[in-house]
Amino acid sequence: MFAVSNLIVGIARVLEMFLQMYMFIVLGRVIISWVNADPYNPIVRFLNRATEPLFRRIRRWFPILANMGGLDLTPLVVLGIVYLLQAAVIMNLYDLAAYLKANG
């Protein structure tokens, strides 16, 4: 059972790394939106392509978030979802791995 628990820990760490990277991508998108960045810049285009599909879905589900007094709160919702995934899914994977190690 140690091999399975180690595999679960590895999956949890990789997932956690990807979620943290996505948080930084969302934060980068927010910072880019504050300045008048060149839309043809490769970094700006990457940030837009990486975040806009999820932002678009959330804006469609909660249209009020797109214009709360001139502010777009969609990135805040996305960061909350990422944090929730980190707290719920990843922590449960770590707990499952610990349980398998202790009872394996």
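Description of the structure in this document. These figures come from a predicted structure and were not determined experimentally. (Residues numbered from 1 in each chain as written. Predicted model: local features only at pLDDT ≥ 70, side-chain atom pairs only at ≥ 80, totals over all residues. Heavy atoms only, no water.)

Let's shift gears to the overall build of the protein. The number of helices and strands found in the protein is 3 helices and 0 strands. For the protein, the α and β elements follow one another from N to C terminus as α-α-α. Once the C-alpha set of the protein is aligned to its principal axes, its extents read approximately 55 × 30 × 15 Å. Residue burial in the protein is summarised as follows: out of 104 residues, 26% are buried. For the protein, contacts bridging at least 24 residues in sequence account for 62% of all contacts bridging at least 6. Of the roughly 7400 Å² of accessible surface on the protein, 70% is carried by carbon and sulfur atoms. Each charge sign in the protein was given a centre, from 9 positive and 5 negative side chains, and these centres are 6 Å apart. (Helix = DSSP H or I, 4+ residues; strand = E, 2+ residues; numbered from the N terminus. Buried < 20%, exposed > 50% of the residue type's maximum accessible area, 1.4 Å probe, protein only. Contact = heavy atoms within 4.5 Å. Areas by Shrake-Rupley, 256 points an atom, 1.4 Å probe, with all protein chains shown as cover. Lys, Arg positive; Asp, Glu negative; His and termini not counted. Charge placed at Lys NZ, Arg CZ, Asp CG, Glu CD.)

Let's shift gears to the side chain of Thr51. When you line up the elements, Thr51 lands in helix H2 (residues 42–61). Using a relative accessible area of 0% as the deciding quantity, one classes Thr51 as buried. A distance of 2.6 Å separates a polar atom in the side chain of Thr51 from a polar atom in the side chain of Arg29. Of note is the side chain of Thr51, whose polar atom sits 2.7 Å from the backbone oxygen of Leu47. Setting aside chain neighbours within four positions, we find Thr51 in contact with Tyr22, Ile25, Val26 and Arg29. (Polar contact = N/O pair within 3.5 Å; in protein donor to acceptor, adjacent residues only side chain to side chain.)

The next point concerns H2. Given a rise of 1.5 Å per residue, 20 residues ought to cover 28 Å, and the 29 Å separating the end C-alpha atoms of H2 matches this to within 8%. Approximately 40° is the largest bend angle found in H2, and it occurs at Glu52, with the proline Pro53 only one to four residues beyond. Taken together, the buried positions of H2 are Val44, Leu47, Thr51, Glu52, Phe55 and Ile58. The N-cap residue of H2 is Asn41: its side-chain oxygen and the backbone nitrogen of Ile43 are 2.8 Å apart. (Expected span 1.5 Å × (residues − 1). Bend = angle between axes of the 7 residues up to and from the residue.)

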